[in-house]
Amino acid sequence: MLHNSPLSTIGFKMYFTLVTGASGGIGKALATECARKGMHLLLVALPGFELTELVSQIRKTYKVHCYGLGVDMSEAHASQEVYDWVKENDFNVNVLINNVGVGSKGEFDKLSTCFYQKQINLNVVTTCMMTRLFLDDLKRNAPAHIMNTGSMGGFYALPNKAVYSATKSFVYSLTKSLRLELANTGVQVSVLCPGGTDSNEKTIAINKDLKGIAKMSILQPDEVAKEAIDKMLKGKSRIIPGTVNKICYHISRLVPEFVHNFFIGRAFKHVHKHGYSEGVHQVPEPKMAKVAN
Ligand SMILES: NC(=O)c1ccc[n+]([C@@H]2O[C@H](COP(=O)([O-])OP(=O)(O)OC[C@H]3O[C@@H](n4cnc5c(N)ncnc54)[C@H](OP(=O)(O)O)[C@@H]3O)[C@@H](O)[C@H]2O)c1
């Protein structure tokens, strides 16, 4: 017996929520929260055990339809590969969650050009191309939603995370503009802006050393996901999970830039103890493989 949410079956047609970067961290939590609400799922992540395991776990636990595709989304034609897979299988997508992204830390000239290329591809190019490719289908399948994962880092200048924060500013700006452009199309566009989240081993290690408000602001991926999906379904524009993060955001709008630069400098000081980091995941060879159909 399938649990259907109002968004997953309309008339005789079955609709899917597509989540990228779905096999770990915030993406896994977003997928699980959607499944809990009875939404059918298409999960995209790097090929591997985590993805296949999550697909079968969701099918068993939530009794929704769930399929997975293993793709390295930093590759040039990855978004087209995902779109072709959806079309070949006649999946109707009415919720697109562009979550995949990679963080980093280290002085601008210490990280490789190859890494920056991958980070910009994942955070910027993939978000833009997936949205472009799926938009006509989303309009046809309306009421529909797009939720792009940005970051609170997209609101500020972040030394030692310059490219990351620039990519997240792009996601924020793209989403806000598209929201206005699509206002009368039945496609609601939201941007999810998490603050620090215990999403994987590296972030947990860094967050453990935080103090004061920075420590109080840290959320678990399932807390981020619950607030994100509830607010996305209500059509909210900017979703900042957690009370401390929301307060910090609103206060930062009121104070001059040199004040947030001072506090951001303090909050990020400890991060450098953990050295340089070019994201968390090594992108594997071969470049693309389907894992669960
Ligand atoms: N964590 C935070 O503190 C934080 C704060 C603000 C915003 N964010 C944003 O939230 C989003 C998720 O972050 P997270 O911390 O949850 O990330 P994460 O723990 O690193 O998980 C990333 C997910 O993306 C997949 N992935 C990584 N590289 C990929 C690639 N090249 N192609 C396809 N899939 C790939 C991973 O697959 P595998 O598991 O198979 O490797 C995993 O499922 C990102 O956009 C990030 O920028 C995170």
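Every chain begins its residue count from 1, and numbering advances along the sequence as written. Reporting of local features is limited, given that this is a predicted model, to residues whose pLDDT is at least 70; pairs of side-chain atoms are given and counted only at 80 or more, and all residues count toward the totals for whole chains, interfaces and linings.

Participant: So what exactly am I meant to see when it comes to the overall build of the chain here?
Facilitator: Helical segments are the DSSP runs of H or I of at least four residues, strand segments are the runs of E of at least two, and each set is numbered from the N terminus. What the chain contains, in helices and strands, is 10 helices and eight strands. Sorting the 293 residues of the chain into buried and exposed places 44% on the buried side. Of the contacts made within the chain by residues no fewer than 6 positions apart, 72% connect residues no fewer than 24 positions apart. Residues with at least 20 neighbouring C-beta atoms inside 10 Å of their own are called buried, those with 12 or fewer are called exposed, and the rest are partly exposed, where every C-beta is derived from the backbone. Whether two residues are in contact depends on their C-beta atoms, placed from the backbone: they are in contact if these lie within 7 Å.

Participant: What's the story with the confidence of the model for the chain in this structure? I'm lost.
Facilitator: Reading predicted coordinates in detail is not appropriate for stretches of low pLDDT. Counting all residues, the mean pLDDT for the chain is 91, and 89% of those residues have values of 70 or more. The predictor attaches a confidence to each residue, and that confidence, scored 0 to 100, is pLDDT. pLDDT under 50 marks residues 280-291. Its contacts with residues more than four places away, or in other chains, come to 23 contacts.

Participant: Hey, could you run me through the environment of Ser-173 in this one?
Facilitator: Relative to the assigned elements, Ser-173 resides in helix 5 (residues 162-181). Since 13 C-beta atoms lie within 10 Å of it, Ser-173 is described here as partly exposed. Once the C-alpha coordinates of Ser-173 and Gly-150 are considered, the two residues, 23 residues apart in sequence, prove to be 9.7 Å apart.

Participant: Is there a simple way to explain helix 8 (residues 221-233) in this structure?
Facilitator: Each α-helix turn comprises 3.6 residues. Residues three or four places apart therefore point the same way. If you check helix 8, its first and last C-alpha atoms are 18 Å apart, about what 13 residues at 1.5 Å a residue would give, namely 18 Å. If you follow the buried residues of helix 8, they end up packed against helix 1 (25-36), strand 6 (144-149), strand 7 (187-192) and strand 8 (238-239). Downstream of helix 8 by one or two residues, Gly-235 has phi in the positive range, about 80°. What a helix is expected to span follows from its residue count: subtract one and scale by 1.5 Å.

Participant: What am I meant to see in the pairing of strand 3 (residues 40-45) here?
Facilitator: Every regular strand shows the same layout, with side chains that alternate between the two sheet faces. The buried fraction of strand 3 is high, at six of six residues. Burial along strand 3 is two-sided: the face carrying His-40, Leu-42 and Val-44 and the face carrying Leu-41, Leu-43 and Ala-45 are both buried. Each parallel crossover has a hand, and for strand 2 (residues 13-20) linked through helix 1 to strand 3 it is right-handed. Pairing of strand 3 with strand 4 (residues 66-70), which is carried by five bridges, proceeds in the parallel orientation. Call a crossover right-handed when, viewed with both strands pointing away from you, the route from the first strand across the helix to the second goes clockwise. In short, DSSP must find at least two bridges between two strands for them to pair.

Participant: Before we go on, may I ask you to explain the site of the ligand in this structure?
Facilitator: Taken together, 32 residues surround the ligand, and among them Gly-21, Gly-24, Gly-25, Gly-101 and Ser-199 come closest. Elements that contribute at least two residues to the shell around the ligand include exactly helix 1 and helix 2 (49-62). Residue contributions to the shell around the ligand peak at three residues, all from helix 1. Three residue categories are used. Nonpolar comprises Ala, Val, Leu, Ile, Met, Phe, Trp, Tyr, Cys and Pro, charged comprises Asp, Glu, Lys and Arg, and polar comprises the others, including Gly. Among the residues making up the shell around the ligand, the classes are represented as 12 nonpolar, 18 polar and two charged. As used in this record, a residue near a molecule or strand is one whose C-beta atom, placed from the backbone, is within 6 Å of it.

Participant: In this structure, what is going on with the packing of helix 4 (residues 113-140) against helix 5? I would like to understand it.
Facilitator: Helix packing for two helices is described by the angle between their axes and how far apart those axes are. Where helix 4 contacts helix 5, the axes come no closer than 10 Å and their chain directions differ by 5°. Classed by the angle they form, the pair helix 4 and helix 5 counts as roughly parallel. Across the interface between the two elements, Tyr-116, Gln-119, Ile-120, Asn-123, Val-124, Thr-127 and Cys-128 of helix 4 pack against Val-163, Tyr-164, Thr-167, Lys-168, Phe-170, Val-171 and Leu-174 of helix 5. In this analysis an axis means a line fitted to C-alpha atoms, helices contributing only their contacting stretch, and an angle means the value between N-to-C directions, from 0 to 180 degrees. Oblique is the label for any angle not under 35 degrees, not over 145, and not in the 65 to 115 range, which are roughly parallel, roughly antiparallel and roughly perpendicular in turn.

Participant: What is the right way to look at the nonpolar core in this model?
Facilitator: Taken as a class, soluble globular proteins show a tendency for nonpolar side chains to be buried jointly. Any set of buried Ala, Val, Leu, Ile, Met, Phe, Trp, Tyr and Cys residues joined through C-beta atoms within 7 Å is what this text calls a nonpolar core. Core analysis: the largest hydrophobic core is formed by 64 residues, its most contacted members being Leu-30, Ala-31, Leu-41, Leu-43 and Val-44. In contact with Ala-31, other than residues within four places in its own chain, are Val-19, Ala-22, Leu-41, Leu-43, Leu-54 and Ile-58.

Participant: Mind showing me how you'd approach the environment of Ser-177 here?
Facilitator: Within the secondary structure, Ser-177 is located in helix 5. In the structure, Ser-177 is positioned 12 residues away from Val-189 in sequence and 9.4 Å away in space, judged by C-alpha atoms.

Participant: How do you make sense of the environment of Leu-30 when you look at a structure like this?
Facilitator: Within the element layout of this structure, Leu-30 appears in helix 1. Among residues more than four places away in sequence, those in contact with Leu-30 are Val-19, Ile-97, Asn-99, Ala-225, Ala-228 and Ile-229.

Participant: Could you clarify how one ought to interpret helix 2 in this entry?
Facilitator: Given a rise of 1.5 Å per residue, 14 residues ought to cover 20 Å, and the 20 Å separating the end C-alpha atoms of helix 2 matches this to within 8%. Listed in full, the buried residues belonging to helix 2 are Leu-51, Leu-54, Val-55, Ile-58 and Tyr-62. The buried residues of helix 2 occupy an angular sector of 100° when projected down its axis, which confines them to one face. Residues Phe-49, Lys-60 and Thr-61 are exposed on helix 2 and point more than 90 degrees away from its buried face. Against the buried residues of helix 2 lie helix 1, strand 3 and strand 4. The arc in question is the one spanned by the directions pointing from the helix axis to the C-beta atoms.

Participant: Honestly, the pairing of strand 6 in this entry has me stumped. Any pointers?
Facilitator: When you tally the buried positions in strand 6, you get six out of six residues, the bulk of the element. Covered by surrounding structure in strand 6 are Ala-144, Ile-146 and Asn-148 together with His-145, Met-147 and Thr-149, the residues of both alternating faces. Taken together, the four bridges between strand 5 (residues 92-98) and strand 6 define a ladder with parallel strand orientation. From the neighbouring strand, Ile-97 faces strand 6, where its bridge partner is Met-147. At this point the chain moves from strand 5, through helix 4, to the parallel strand 6, and the crossover so formed is right-handed. Relative to strand 7, strand 6 runs parallel, the two sharing six bridges. Looking across to strand 7, one finds that Thr-149 is bridged to Leu-192. Since strand 6 and strand 7 lie parallel, the crossover through helix 5 that links them has a hand, and here it is right-handed.

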